[in-house]
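Read off the chains here:
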Amino acid sequence: MKGTVYKFGNDVDTDQIIPARYLNTTDPVELAAHCMEDADPEFAAAVQPGAVMVAGKNFGCGSSREHAPIAIKAAGVSCVIASTFARIFYRNAVNIGLPILECPEAAAALEEGDMVEVNLAEGVIRNLTRPGEYQSAPFPSFMQEIIEQGGLINYVQERMKKRA
């Protein structure tokens, strides 16, 4: 995947990702319209499909709501790279098919507007704007399958079809 970097800081919580005032819906399009609204009011209007969100430590901390990774994915973000993720956000992201990579070096070095290329299978993040290549742990094959299927529910449904 390839996209432009949108960069955020440390401790971005789920209320910044999708403010609680919009949790009366589960419609991905509506959630995307308000994604990152309190952190960057221009984000939802500016983000382009394929974008790569980059952040510091503890991304997705706060509540366990699935609305946060749904909003990010529906906004067109292809991948999130952070120094670290809150555990429940990490799990929710995988469950809904949003690729995420922990890579402190990339999170520190990448800048807003950089063009990056991400290879999930290898865990390689390449900065195409300025020299830089970073290595994160590659996704295990079963997690890659979950992402490729668009989330855990689709993955399980496909496996059940194959067994039938």
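Our subject is the structure that appears above.
Quick notes on the rules
- Residues numbered from 1 in each chain as written.
- Predicted model: local features only at pLDDT ≥ 70, side-chain atom pairs only at ≥ 80, totals over all residues.
- Heavy atoms only, no water.
- Helix = DSSP H or I, 4+ residues; strand = E, 2+ residues; numbered from the N terminus.
- Rg over C-alpha atoms; globule rule 2.2 N^0.38 Å.
- Buried < 20%, exposed > 50% of the residue type's maximum accessible area, 1.4 Å probe, protein only.
- Pairing = 2+ DSSP bridges.
- Axes fitted to C-alpha atoms, helices over the stretch in contact; angles between N-to-C directions.
- Phe/Tyr/Trp six-rings, centres within 6.5 Å; stacked < 30°, edge-to-face > 60°.
- Core = buried A, V, L, I, M, F, W, Y, C linked by side-chain atoms within 4.5 Å.
- Contact = heavy atoms within 4.5 Å.
- Salt bridge = Lys/Arg side-chain N within 4 Å of Asp/Glu carboxyl O.

Q: How do you make sense of the overall build of the chain when you look at a structure like this?
A: Each helix and strand counted, the chain has 8 helices and 7 strands in total. For a compact globule of 164 residues, the expected C-alpha radius of gyration is about 15 Å, and the chain comes in at 15 Å, within 12% of that figure. Seen through its principal axes, the chain has C-alpha atoms that stretch 50 × 40 × 25 Å. A total of 164 residues make up the chain; the buried ones form 47% of that total.

Q: Honestly, the sheet that holds strand E7 (residues 133–135) in this entry has me stumped. Any pointers?
A: Hydrogen bonding along the main chain pairs the strands of a sheet, whether they run parallel or antiparallel. Ordered in space as E4-E3-E2-E1-E5-E6-E7, the 7 strands form an open sheet in which the pairing is mixed. Strands at the two margins of the open sheet, each flanked by one partner only, are strand E4 (100–102) and E7. Here the strands of the sheet are splayed against their neighbours by 30° on average, with no regard to which way each runs. Sheet topology places strand E1 (residues 2–7) next to strand E2 (residues 52–55); 3 bridges connect them, and they run parallel. What sits directly across from lysine 7, in E2, is valine 54.

Q: Any chance you could explain unusual backbone geometry here in plain terms?
A: A positive phi angle, close to 55°, is found at aspartate 11, a residue other than glycine. Within the secondary structure, aspartate 11 sits in the loop between E1 and helix H1 (14–17). According to the relative accessible area criterion, aspartate 11 is partly exposed, its value standing at 34%. In the Ramachandran plot, asparagine 58 falls in the positive-phi region, its phi being about 65° despite a non-glycine side chain. Counting through the fold element by element, asparagine 58 comes out in the loop between E2 and helix H4 (67–74). For asparagine 58, a relative accessible area of 27% puts it in the partly exposed group.

Q: Is there a simple way to think about the pairing of E1 in this case?
A: Side chains on a regular strand alternate between the two faces of the sheet. In this structure, E1 lies alongside strand E5 (residues 115–119), joined through 3 bridges in antiparallel fashion. Within E5, the residue paired with glycine 3 across the bridge is valine 116.

Q: Help me out: how do you make sense of the packing of aromatic side chains in this one?
A: Ring pairs (aromatic) are described by centroid distance and by the angle formed between their planes. According to the stated counting rule, one finds 6 aromatic pairs in the structure shown. Their ring planes at 85° and their centres at 6.0 Å tell us that phenylalanine 59 and phenylalanine 85 sit as a pair that is edge-to-face. On the criterion of sequence distance, the pair formed by phenylalanine 59 in the loop between E2 and H4 and phenylalanine 85 in the loop between strand E3 (79–82) and helix H5 (87–96) is long-range, its members being 26 residues apart. Here the two residues phenylalanine 59 and phenylalanine 85 agree in accessibility, since each one is buried. Of the aromatic side chains, those joined through ring pairs into one cluster are Phe59, Phe85, Phe89 and Tyr90.

Q: Just checking my understanding: could you explain the nonpolar core for this structure?
A: Nonpolar side chains in soluble globular proteins tend to end up buried together. Within the largest apolar cluster, 52 residues are counted, with the highest numbers of intra-cluster contacts made by Phe43, Phe59, Ile72, Ile81 and Phe89. In contact with phenylalanine 59, other than residues within four places in its own chain, are Val12, Ile17, Met53, Ile72, Val80, Ala82, Thr84, Phe85, Ala86 and Phe89.

Q: Where do I start with the pattern of salt bridges in this structure?
A: If charged atoms from side chains of opposite charge come close, those side chains can pair. Enumeration over the complete set of coordinates arrives at 9 salt bridges. Arginine 21 serves as the salt-bridge partner of glutamate 37, at 3.1 Å between the closest nitrogen and oxygen. You can see glutamate 37 sitting in the loop between helix H2 (28–33) and helix H3 (43–46) and its partner arginine 21 sitting in the loop between H1 and H2, a full 16 residues away along the chain. One salt-bridge network, held together by shared partners, links Arg21, Glu37 and Asp38.

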